[in-house]
Amino acid sequence: MPNYNLGLRLGSAPRIDEEDFVGRETELEQLRTWLAPRPNRRNVVALYGLGGMGKTQLSIHFARRSIG
């Protein structure tokens, strides 16, 4: 698993339990692909959609899983 250590602090981010976060493995895998480290390249992803779709929860869950 790549190291996504960007100095991100998740201490005040809402805690999402693994059992409550379901059905987003496809989106998490796509984020892993898009954000995989590449030499001499910065990767940026913008999540968009209607309010309440889970963009923030997806981002926090990805960050917590990736940073460990």
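That block above? That's the structure.
Sequence order sets the numbering: in each chain, residues are counted from 1 along the sequence as written. Since the coordinates come from a predicted model, pLDDT governs what is reported: local features require at least 70, and pairs of side-chain atoms require 80 or more to be given and counted, while whole-chain, interface and lining totals use all residues. The basis for every side-chain value is the complete set of heavy atoms in the structure, and neither hydrogens nor water enter the calculation.

S.K.: I would appreciate a short explanation of the overall build of the protein in the present structure.
M.R.: Looking only at helices and strands, the protein has two helices and zero strands in total. Here the protein, with 68 residues, has 22% of them falling under the buried criterion. The contact criterion used throughout is that any non-hydrogen atoms of two residues lie within 4.5 Å. Sequence-distant contacts in the protein: of pairs separated by 6 or more residues, those separated by 24 or more amount to 75%. In short, Shrake-Rupley with a 1.4 Å probe defines the accessible areas, and a residue's cover is counted only from the protein chains shown. Summed over its atoms, the accessible surface of the protein is roughly 5,500 Å², and 52% of this surface lies on carbon and sulfur atoms. For helices the rule is a DSSP run of H or I covering at least 4 residues; for strands it is a run of E covering at least 2, with both sets numbered from the N terminus onward. Throughout, exposure labels follow a simple rule: accessible area from a 1.4 Å probe, protein chains only, divided by the maximum for the residue type, with under 20% read as buried, over 50% as exposed, and the rest as partly exposed.

S.K.: Teacher, can you tell me more about helix H1 (residues 25-34) here?
M.R.: Every buried residue of H1 is listed here: Leu 28, Leu 31 and Arg 32. Axial view of H1: buried residues confined to an arc of 100 degrees, hence all on one face. Residues of H1 that are buried make contact with helix H2 (55-67). Here the arc refers to the set of directions running from the helix axis out to each C-beta atom.

S.K.: Just to check I follow, could you spell out the nonpolar core for this structure?
M.R.: Among the buried residues, those of types Ala, Val, Leu, Ile, Met, Phe, Trp, Tyr and Cys that are joined through side-chain atoms within 4.5 Å form a nonpolar core. Formed by Ile 16, Phe 21, Leu 28, Leu 31, Leu 58, Ile 60 and Phe 62, the largest nonpolar core amounts to seven residues. For this core, the secondary structure elements donating two or more residues are H1 and H2. No other element matches H2, which puts three residues into this core. When residues no more than four places from it in sequence are discounted, the contact partners of Phe 21 are Ile 16, Leu 28, Gln 57, Leu 58 and His 61.

S.K.: Quick question: what am I supposed to make of the environment of Leu 28 here?
M.R.: Of note, Leu 28 is situated in helix H1. Residue Leu 28 is classed as buried on the basis of its relative accessible area of 0%. The sequence separation of Leu 28 and His 61 amounts to 33 residues, and the corresponding C-alpha distance is 8.5 Å. Discounting residues that sit within four places of it in the chain, Leu 28 has contacts with Phe 21, Leu 58, His 61, Phe 62 and Arg 65.

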